[in-house]
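One letter stands for each residue in the lines below.
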Amino acid sequence: MLSSNTLIYGIIGNPVRHSLSPIIHNRAFRRIGKDAVYLTFEVNDLHDAIKGIRALGIRGVSVTIPFKSEVISYLDEVEPTAKKIKAVNTILNNEGVLIGYNTDWIGAIEALKEMTDLDGKRVLILGAGGSARAVAYGLKESGSHVIIKNRSLSKAKELAEEFGCMYLENGLIWGVDILINCTPVGMYPMEKETPLPKEALREGMVVMDLVYHPLRTRLLKEAEEIGCKTIDGLSMLAHQAAFQFRLWTGIQPNIREIKNDLKEALERNKNERD
Ligand code: NAP
(Lines give C-alpha, C1' and ligand atoms only; values in the text may rest on other atoms or scores of the structure.)
Protein backbone atom coordinates (compact mmCIF):
# COMPACT_ATOMS: atom_id res chain seq x y z
CA MET A 1 0.00 0.00 0.00
CA LEU A 2 1.54 3.32 -1.07
CA SER A 3 1.32 6.24 1.34
CA SER A 4 2.53 9.83 1.65
CA ASN A 5 5.60 8.40 3.39
CA THR A 6 6.46 5.92 0.63
CA LEU A 7 10.15 6.16 -0.31
CA ILE A 8 10.96 6.14 -4.01
CA TYR A 9 13.70 4.09 -5.68
CA GLY A 10 14.14 3.27 -9.35
CA ILE A 11 16.23 2.47 -12.38
CA ILE A 12 17.44 4.89 -15.05
CA GLY A 13 18.45 3.69 -18.50
CA ASN A 14 17.31 3.55 -22.10
CA PRO A 15 15.73 1.21 -23.03
CA VAL A 16 14.63 0.10 -19.59
CA ARG A 17 11.01 -1.06 -19.85
CA HIS A 18 12.09 -4.72 -20.04
CA SER A 19 14.11 -4.45 -16.80
CA LEU A 20 13.64 -7.17 -14.18
CA SER A 21 14.97 -4.93 -11.39
CA PRO A 22 11.49 -3.67 -10.32
CA ILE A 23 10.43 -7.26 -9.62
CA ILE A 24 13.52 -7.90 -7.50
CA HIS A 25 13.38 -4.73 -5.43
CA ASN A 26 9.61 -4.33 -5.01
CA ARG A 27 9.30 -7.91 -3.76
CA ALA A 28 12.31 -7.47 -1.47
CA PHE A 29 10.80 -4.25 -0.01
CA ARG A 30 7.53 -6.09 0.60
CA ARG A 31 9.34 -8.97 2.34
CA ILE A 32 11.05 -6.66 4.82
CA GLY A 33 7.88 -4.56 5.29
CA LYS A 34 9.47 -1.33 3.99
CA ASP A 35 7.15 1.42 2.76
CA ALA A 36 9.04 1.90 -0.52
CA VAL A 37 8.49 1.52 -4.25
CA TYR A 38 10.91 0.91 -7.15
CA LEU A 39 10.02 2.34 -10.57
CA THR A 40 11.49 2.42 -14.08
CA PHE A 41 12.53 5.75 -15.58
CA GLU A 42 13.32 5.68 -19.29
CA VAL A 43 15.74 8.59 -19.58
CA ASN A 44 16.70 10.69 -22.61
CA ASP A 45 18.56 13.47 -20.81
CA LEU A 46 20.82 12.21 -18.01
CA HIS A 47 21.57 15.70 -16.68
CA ASP A 48 17.86 16.40 -16.17
CA ALA A 49 17.30 12.94 -14.67
CA ILE A 50 19.97 13.52 -12.01
CA LYS A 51 18.48 16.92 -11.20
CA GLY A 52 15.13 15.14 -10.81
CA ILE A 53 16.60 12.57 -8.41
CA ARG A 54 17.93 15.39 -6.24
CA ALA A 55 14.79 17.55 -6.50
CA LEU A 56 12.35 14.73 -5.74
CA GLY A 57 14.46 13.10 -3.04
CA ILE A 58 14.57 9.72 -4.79
CA ARG A 59 16.45 7.54 -2.30
CA GLY A 60 18.29 5.12 -4.52
CA VAL A 61 18.74 4.47 -8.21
CA SER A 62 20.06 1.61 -10.34
CA VAL A 63 21.87 2.76 -13.49
CA THR A 64 21.93 0.73 -16.67
CA ILE A 65 22.83 0.98 -20.37
CA PRO A 66 23.87 3.49 -21.69
CA PHE A 67 24.56 5.65 -18.62
CA LYS A 68 26.89 3.62 -16.37
CA SER A 69 30.00 5.62 -17.33
CA GLU A 70 28.47 8.99 -18.15
CA VAL A 71 26.67 9.21 -14.80
CA ILE A 72 29.97 9.44 -12.89
CA SER A 73 30.47 13.11 -13.78
CA TYR A 74 27.09 14.05 -12.23
CA LEU A 75 27.65 12.48 -8.81
CA ASP A 76 28.98 14.08 -5.60
CA GLU A 77 31.07 11.07 -4.61
CA VAL A 78 32.13 7.85 -6.31
CA GLU A 79 33.30 4.83 -4.34
CA PRO A 80 36.95 3.94 -5.30
CA THR A 81 36.12 0.57 -6.91
CA ALA A 82 33.49 2.12 -9.18
CA LYS A 83 36.09 4.78 -10.08
CA LYS A 84 38.58 2.07 -11.10
CA ILE A 85 35.97 0.20 -13.14
CA LYS A 86 34.81 3.55 -14.55
CA ALA A 87 31.18 2.51 -14.20
CA VAL A 88 28.44 3.16 -11.64
CA ASN A 89 25.36 0.93 -11.51
CA THR A 90 24.04 2.09 -8.14
CA ILE A 91 23.35 5.53 -6.66
CA LEU A 92 22.63 6.12 -3.01
CA ASN A 93 21.02 9.47 -2.15
CA ASN A 94 22.43 10.11 1.32
CA GLU A 95 20.50 13.17 2.52
CA GLY A 96 21.10 15.02 -0.73
CA VAL A 97 24.61 13.69 -1.41
CA LEU A 98 24.59 11.36 -4.43
CA ILE A 99 27.13 8.54 -4.03
CA GLY A 100 27.96 6.12 -6.87
CA TYR A 101 28.82 2.44 -6.42
CA ASN A 102 29.45 -0.56 -8.66
CA THR A 103 27.81 -3.81 -7.55
CA ASP A 104 28.20 -5.60 -10.93
CA TRP A 105 31.67 -6.85 -10.06
CA ILE A 106 30.55 -8.25 -6.69
CA GLY A 107 27.52 -9.81 -8.37
CA ALA A 108 29.68 -11.59 -10.93
CA ILE A 109 32.19 -12.82 -8.34
CA GLU A 110 29.47 -14.10 -5.98
CA ALA A 111 27.78 -15.92 -8.86
CA LEU A 112 31.10 -17.57 -9.81
CA LYS A 113 31.96 -18.47 -6.21
CA GLU A 114 28.75 -20.51 -5.95
CA MET A 115 30.38 -22.88 -8.46
CA THR A 116 34.18 -22.55 -8.21
CA ASP A 117 37.22 -21.15 -6.42
CA LEU A 118 38.86 -18.26 -8.27
CA ASP A 119 42.33 -18.00 -6.80
CA GLY A 120 44.96 -19.10 -9.35
CA LYS A 121 42.35 -19.98 -12.01
CA ARG A 122 42.86 -19.12 -15.70
CA VAL A 123 39.86 -17.18 -16.94
CA LEU A 124 39.00 -16.14 -20.48
CA ILE A 125 36.71 -13.10 -20.72
CA LEU A 126 34.92 -12.47 -24.02
CA GLY A 127 34.27 -8.72 -24.41
CA ALA A 128 35.90 -5.53 -23.18
CA GLY A 129 32.88 -3.32 -22.44
CA GLY A 130 31.39 -2.18 -19.13
CA SER A 131 30.53 -5.61 -17.73
CA ALA A 132 33.88 -7.09 -18.86
CA ARG A 133 35.65 -4.33 -16.94
CA ALA A 134 33.67 -5.11 -13.78
CA VAL A 135 34.25 -8.87 -14.11
CA ALA A 136 37.97 -8.45 -14.88
CA TYR A 137 38.41 -6.19 -11.85
CA GLY A 138 36.66 -8.71 -9.56
CA LEU A 139 38.67 -11.64 -10.90
CA LYS A 140 42.00 -9.89 -10.47
CA GLU A 141 41.00 -9.04 -6.88
CA SER A 142 40.21 -12.75 -6.41
CA GLY A 143 43.65 -13.88 -7.60
CA SER A 144 42.66 -15.21 -11.07
CA HIS A 145 44.81 -15.03 -14.21
CA VAL A 146 42.65 -13.15 -16.70
CA ILE A 147 42.82 -13.20 -20.49
CA ILE A 148 40.68 -10.79 -22.54
CA LYS A 149 39.38 -11.50 -26.04
CA ASN A 150 37.36 -8.82 -27.81
CA ARG A 151 36.07 -7.97 -31.27
CA SER A 152 37.97 -4.65 -31.18
CA LEU A 153 41.55 -5.52 -30.33
CA SER A 154 42.41 -2.00 -29.15
CA LYS A 155 39.81 -2.20 -26.37
CA ALA A 156 41.02 -5.64 -25.27
CA LYS A 157 44.57 -4.31 -25.10
CA GLU A 158 43.54 -1.22 -23.17
CA LEU A 159 41.57 -3.18 -20.58
CA ALA A 160 44.33 -5.78 -20.21
CA GLU A 161 46.97 -3.10 -19.62
CA GLU A 162 44.78 -1.24 -17.13
CA PHE A 163 44.00 -4.26 -14.93
CA GLY A 164 47.17 -6.34 -15.47
CA CYS A 165 45.53 -9.04 -17.62
CA MET A 166 46.64 -10.74 -20.85
CA TYR A 167 44.81 -10.36 -24.14
CA LEU A 168 44.37 -12.49 -27.23
CA GLU A 169 45.18 -11.01 -30.61
CA ASN A 170 43.38 -13.72 -32.54
CA GLY A 171 42.47 -17.37 -32.44
CA LEU A 172 41.56 -19.25 -29.29
CA ILE A 173 43.31 -20.32 -26.16
CA TRP A 174 43.26 -23.82 -24.67
CA GLY A 175 43.43 -24.89 -21.09
CA VAL A 176 41.38 -22.18 -19.43
CA ASP A 177 39.45 -23.14 -16.29
CA ILE A 178 36.67 -20.58 -16.64
CA LEU A 179 35.07 -18.85 -19.62
CA ILE A 180 32.82 -15.79 -19.24
CA ASN A 181 30.75 -14.23 -22.00
CA CYS A 182 30.55 -10.46 -21.42
CA THR A 183 29.19 -9.68 -24.91
CA PRO A 184 25.53 -9.56 -25.98
CA VAL A 185 26.13 -12.36 -28.52
CA GLY A 186 23.49 -15.04 -27.89
CA MET A 187 20.98 -12.54 -26.52
CA TYR A 188 17.53 -12.25 -28.08
CA PRO A 189 17.15 -11.68 -31.06
CA MET A 190 20.70 -13.12 -31.64
CA GLU A 191 19.79 -16.28 -29.71
CA LYS A 192 20.97 -18.63 -32.48
CA GLU A 193 24.50 -17.18 -32.23
CA THR A 194 27.28 -18.08 -29.85
CA PRO A 195 30.38 -16.05 -28.95
CA LEU A 196 32.67 -19.11 -29.05
CA PRO A 197 32.66 -22.29 -31.18
CA LYS A 198 31.68 -25.47 -29.35
CA GLU A 199 35.10 -27.00 -30.19
CA ALA A 200 36.76 -24.51 -27.85
CA LEU A 201 34.87 -25.87 -24.83
CA ARG A 202 36.26 -28.66 -22.65
CA GLU A 203 34.62 -30.99 -20.15
CA GLY A 204 34.91 -29.69 -16.59
CA MET A 205 35.32 -26.01 -17.58
CA VAL A 206 33.10 -23.48 -15.81
CA VAL A 207 31.16 -21.43 -18.38
CA MET A 208 29.28 -18.31 -17.34
CA ASP A 209 27.08 -16.23 -19.63
CA LEU A 210 26.04 -12.73 -18.54
CA VAL A 211 23.16 -12.84 -21.04
CA TYR A 212 19.87 -13.82 -19.36
CA HIS A 213 17.42 -13.36 -22.22
CA PRO A 214 17.20 -16.28 -23.01
CA LEU A 215 18.35 -17.88 -19.79
CA ARG A 216 19.75 -21.01 -21.52
CA THR A 217 21.81 -19.40 -24.26
CA ARG A 218 23.30 -21.44 -27.09
CA LEU A 219 26.70 -21.12 -25.36
CA LEU A 220 25.34 -22.61 -22.13
CA LYS A 221 23.43 -25.38 -23.93
CA GLU A 222 26.55 -26.44 -25.85
CA ALA A 223 28.67 -26.18 -22.70
CA GLU A 224 26.25 -28.53 -20.89
CA GLU A 225 26.38 -31.01 -23.78
CA ILE A 226 30.17 -31.15 -23.42
CA GLY A 227 30.07 -31.58 -19.65
CA CYS A 228 30.98 -28.06 -18.49
CA LYS A 229 29.54 -26.53 -15.34
CA THR A 230 27.34 -23.57 -16.30
CA ILE A 231 26.24 -20.34 -14.64
CA ASP A 232 23.48 -18.27 -16.23
CA GLY A 233 23.13 -14.46 -16.28
CA LEU A 234 20.35 -14.51 -13.74
CA SER A 235 22.76 -15.43 -10.98
CA MET A 236 24.90 -12.29 -11.43
CA LEU A 237 21.76 -10.17 -11.82
CA ALA A 238 20.39 -11.48 -8.53
CA HIS A 239 23.65 -10.99 -6.63
CA GLN A 240 24.33 -7.46 -7.92
CA ALA A 241 20.76 -6.46 -7.01
CA ALA A 242 21.14 -7.96 -3.53
CA PHE A 243 24.17 -5.74 -2.91
CA GLN A 244 22.26 -2.69 -4.19
CA PHE A 245 19.42 -3.50 -1.82
CA ARG A 246 21.87 -3.77 1.07
CA LEU A 247 23.39 -0.38 0.22
CA TRP A 248 19.93 1.21 0.27
CA THR A 249 18.37 -0.55 3.27
CA GLY A 250 21.22 -2.07 5.30
CA ILE A 251 19.47 -5.45 4.92
CA GLN A 252 20.85 -8.40 2.92
CA PRO A 253 17.96 -10.01 1.04
CA ASN A 254 17.66 -13.75 0.50
CA ILE A 255 19.38 -14.62 -2.78
CA ARG A 256 17.33 -17.79 -3.34
CA GLU A 257 14.09 -15.80 -3.10
CA ILE A 258 15.43 -13.25 -5.60
CA LYS A 259 16.42 -16.01 -8.05
CA ASN A 260 12.99 -17.62 -7.73
CA ASP A 261 11.29 -14.26 -8.37
CA LEU A 262 13.43 -13.77 -11.48
CA LYS A 263 12.80 -17.27 -12.86
CA GLU A 264 9.07 -16.79 -12.35
CA ALA A 265 9.17 -13.41 -14.16
CA LEU A 266 11.19 -14.79 -17.08
CA GLU A 267 8.79 -17.74 -17.40
CA ARG A 268 5.80 -15.35 -17.36
CA ASN A 269 7.43 -13.14 -20.04
CA LYS A 270 8.14 -16.22 -22.17
CA ASN A 271 4.54 -17.44 -21.93
CA GLU A 272 3.26 -13.98 -22.89
CA ARG A 273 5.55 -13.96 -25.96
CA ASP A 274 4.64 -17.54 -27.06
P1 NAP B 1 28.99 -2.98 -23.60
O2 NAP B 1 29.68 -2.10 -22.63
O3 NAP B 1 28.23 -2.37 -24.73
O4 NAP B 1 30.10 -3.98 -24.22
C5 NAP B 1 29.76 -4.94 -25.17
C6 NAP B 1 30.97 -5.79 -25.53
O7 NAP B 1 30.53 -6.82 -26.40
C8 NAP B 1 32.06 -5.02 -26.27
O9 NAP B 1 33.31 -5.54 -25.90
C10 NAP B 1 31.75 -5.33 -27.75
O11 NAP B 1 32.90 -5.37 -28.56
C12 NAP B 1 31.23 -6.74 -27.65
N13 NAP B 1 30.27 -7.03 -28.72
C14 NAP B 1 29.09 -6.40 -28.96
N15 NAP B 1 28.48 -6.96 -30.04
C16 NAP B 1 29.29 -7.95 -30.48
C17 NAP B 1 29.22 -8.87 -31.54
N18 NAP B 1 28.17 -8.90 -32.37
N19 NAP B 1 30.24 -9.75 -31.71
C20 NAP B 1 31.31 -9.74 -30.88
N21 NAP B 1 31.44 -8.88 -29.85
C22 NAP B 1 30.44 -8.00 -29.65
O23 NAP B 1 27.93 -3.95 -22.87
P24 NAP B 1 28.00 -4.51 -21.39
O25 NAP B 1 27.36 -3.56 -20.45
O26 NAP B 1 29.38 -4.97 -21.11
O27 NAP B 1 27.00 -5.77 -21.50
C28 NAP B 1 27.35 -6.93 -22.23
C29 NAP B 1 26.27 -8.01 -22.00
O30 NAP B 1 26.22 -8.38 -20.63
C31 NAP B 1 24.86 -7.55 -22.37
O32 NAP B 1 24.17 -8.62 -22.97
C33 NAP B 1 24.23 -7.24 -21.02
O34 NAP B 1 22.81 -7.41 -21.03
C35 NAP B 1 24.88 -8.29 -20.14
N36 NAP B 1 24.95 -7.90 -18.72
C37 NAP B 1 24.38 -8.76 -17.82
C38 NAP B 1 24.46 -8.46 -16.48
C39 NAP B 1 23.87 -9.42 -15.48
O40 NAP B 1 23.68 -9.03 -14.32
N41 NAP B 1 23.59 -10.64 -15.86
C42 NAP B 1 25.08 -7.28 -16.04
C43 NAP B 1 25.66 -6.42 -16.98
C44 NAP B 1 25.58 -6.76 -18.35
P45 NAP B 1 33.53 -4.03 -29.22
O46 NAP B 1 34.43 -3.45 -28.17
O47 NAP B 1 34.24 -4.54 -30.40
O48 NAP B 1 32.37 -3.13 -29.55
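Cut-off values and rules
- Residues numbered from 1 in each chain as written.
- Predicted model: local features only at pLDDT ≥ 70, side-chain atom pairs only at ≥ 80, totals over all residues.
- Heavy atoms only, no water.
- Helix = DSSP H or I, 4+ residues; strand = E, 2+ residues; numbered from the N terminus.
- Buried < 20%, exposed > 50% of the residue type's maximum accessible area, 1.4 Å probe, protein only.
- Contact = heavy atoms within 4.5 Å.
- Areas by Shrake-Rupley, 256 points an atom, 1.4 Å probe, with all protein chains shown as cover.
- Domains from an automatic or database assignment.
- Salt bridge = Lys/Arg side-chain N within 4 Å of Asp/Glu carboxyl O.
- Near = heavy atom within 4 Å.
- Polar contact = N/O pair within 3.5 Å; in protein donor to acceptor, adjacent residues only side chain to side chain.
- Nonpolar A, V, L, I, M, F, W, Y, C, P; charged D, E, K, R; others polar.
- Axes fitted to C-alpha atoms, helices over the stretch in contact; angles between N-to-C directions.
- Parallel < 35°, antiparallel > 145°, perpendicular 65-115°, else oblique.
- Left-handed = near helix turned anticlockwise from the far one by under 90°.
- Pairing = 2+ DSSP bridges.
- Core = buried A, V, L, I, M, F, W, Y, C linked by side-chain atoms within 4.5 Å.

A. Representation of the overall build of the protein within the structure. When its secondary structure is counted, the protein shows 9 helices and 12 strands. When its C-alpha atoms are laid out on the principal axes, the protein stretches across 60 × 40 × 30 Å. The buried share of the protein, reckoned over its 274 residues, is 50%. Within the protein, counting contacts between residues at least 6 apart in sequence, those at least 24 apart form 64% of the total. As displayed, the protein offers around 13300 Å² of accessible surface, 50% of which is attributable to carbon and sulfur atoms.

B. Structural context of the domain arrangement of the protein. Taken as a whole, the protein is organised into domain 1 (7–102 + 235–273) and domain 2 (106–231). Distance from the C-alpha centre of domain 1 to the C-alpha centre of domain 2: 24 Å. Contacts between domain 1 and domain 2 engage 15 residues on the former and 16 residues on the latter. On inspection of domain 1 and its partner domain 2, the count reaches 2 salt bridges.

C. Representation of the site of the ligand in the model. In the neighbourhood of the ligand, 21 residues make up the surrounding shell, with A128, G130, S131, N150 and S152 lying closest. G129 is positioned with one of its backbone polar atoms (N or O) 3.4 Å from an oxygen atom of the ligand. Between the ligand and the protein, one listed contact pairs a nitrogen atom with a backbone N or O atom of G233 at 2.9 Å. In isolation the ligand has 930 Å² of accessible area, and contact with the protein removes 76% of it. Contributing elements (two or more residues each) for the shell around the ligand: α5 (130–141) and α8 (233–249). A total of 3 residues in the shell around the ligand trace back to one element, the largest contributor, which is α8. Its residues assigned to classes, the shell around the ligand comprises 11 nonpolar, 8 polar and 2 charged. A domain-level breakdown of the shell around the ligand finds at least three residues from each of domain 1 (7–102 + 235–273) and domain 2 (106–231).

D. Local environment of the packing of helix α1 (residues 21–32) against α8. Following both chains from N to C, one finds α1 and α8 inclined at 50°, their axes separated by 11 Å at the closest point. With respect to their mutual orientation, α1 and α8 come out oblique. In this structure, α1 crosses over α8, and the sense of that crossing is right-handed. Along the contact surface, α1 presents I24, H25, A28, F29 and I32, while α8 presents L237, A241, Q244, F245, W248 and T249.

E. Quick look at the sheet that holds strand β1 (residues 7–13). Read across the open sheet, the 6 strands follow the order β2-β1-β3-β5-β6-β4; overall the sheet is mixed. The sheet terminates laterally at β2 (36–42) and β4 (77–78), the two strands that pair on one side only.

F. Expanded view of the nonpolar core. L112, I125, V135, L139, I148, I180 and M208 are the most contacted members of the largest nonpolar core, which totals 34 residues. Taken together, the elements giving at least two residues each to this core come down to α4 (104–113), β7 (122–126), α5, β8 (145–149), α6 (153–163), β10 (178–181), β11 (206–209) and α8. Mapped onto the domain boundaries, this core takes at least three residues apiece from domain 1 (7–102 + 235–273) and domain 2 (106–231). Once you skip the residues sitting within four places of it in the chain, V135 turns out to touch A108, I125, I180, C182 and L210. Core analysis: the next-biggest nonpolar cluster, separate from the first, contains 17 residues, L46, V78, A82 and V88 among them.

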